[in-house]
Amino acid sequence: MEHPQTIDQVFTVRAFAGDLPVECFLSARGFLEDHSLAKPSFSEDHVHASFELLLCRKGSGYQFIEGVAHAYADESVFLLAPFVTHAHIANPGSSEVRCSVRFILPEAAAFSGRCEPALAAALERLKKERYAQFSAGKQMIALSDLLAEAVCSSESSALLVLGGLLSALFSSVFAELVRLYGGAKEGALPRLRAESDP
């Protein structure tokens, strides 16, 4: 999926995980596929003032987080807290398909009434532990594939679907984060709002 005319497109989109607003920053460059088997794709050490969702849809390599190497493979997810030094390198001979979404959340005081206590606790734990790693489920992969297609599309209508796709993706990612940290209870996971919800 290569769309040279859209490589420099950037988007700022508000999504929601339940009632929690998620301000997302995306670049088409962060969704392009690297099929260069001659030299592996990589990024040098860098930090962001925001959270970052990294999803390896296909490929393998090492994600370096604060100097420690973490192996990744198809369908791996890394969720990074703000100001975490990170880099990556794909394994030689590994075609890589990754996506990156930087995002900000309301400050902890603003969580009150906006998200379930289990999610608020999981996000605070993520900040303390600096990152989380888990496997993407089929839903996350399907959503990231649709998101990549919309972000790299040259059609102006693509922007209309980004908020919904990001809301669904973050609801799924945050539900997995809550499960990872042991706080999952029936009804406590973020979900998409239905039109019939108050």
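Calculation notes
- Residues numbered from 1 in each chain as written.
- Predicted model: local features only at pLDDT ≥ 70, side-chain atom pairs only at ≥ 80, totals over all residues.
- Heavy atoms only, no water.
- Patch = residues over 30% accessible without salt bridge, like charges linked within 9 Å, V, L, I, M, F, W, Y side chains within 5 Å.
- Areas by Shrake-Rupley, 256 points an atom, 1.4 Å probe, with all protein chains shown as cover.
- Salt bridge = Lys/Arg side-chain N within 4 Å of Asp/Glu carboxyl O.
- Helix = DSSP H or I, 4+ residues; strand = E, 2+ residues; numbered from the N terminus.
- Expected span 1.5 Å × (residues − 1).
- Buried < 20%, exposed > 50% of the residue type's maximum accessible area, 1.4 Å probe, protein only.
- Contact = heavy atoms within 4.5 Å.
- pLDDT = per-residue confidence, 0-100.

This part covers a nonpolar patch on the surface. Judged by side-chain polarity, Phe42, Tyr62 and Ile89 come together as a nonpolar surface patch covering roughly 300 Å² of accessible area. Counting through the fold element by element, Ile89 comes out in strand β9 (residues 86-90).

Turning our attention to helix α1 (residues 117-129). In this model α1 runs 18 Å from its N-terminal to its C-terminal C-alpha over 13 residues, within 8% of the 18 Å that 1.5 Å per residue would give. Turning to α1, its buried residues are Ala118, Leu119, Ala120, Ala122, Leu123 and Leu126. At its buried positions, α1 is contacted by β2 (20-27), β5 (51-58), β8 (76-80), β11 (131-135) and α3 (158-180). Trailing α1 by a residue or two, Arg130 shows a phi angle of about 80 degrees, which is positive.

Residue-level pLDDT values for the protein average 82, and 80% of them are 70 or greater. This stretch, residues 1-5, has a pLDDT under 50; its non-local contacts, to residues over four places away or in other chains, come to nine contacts.

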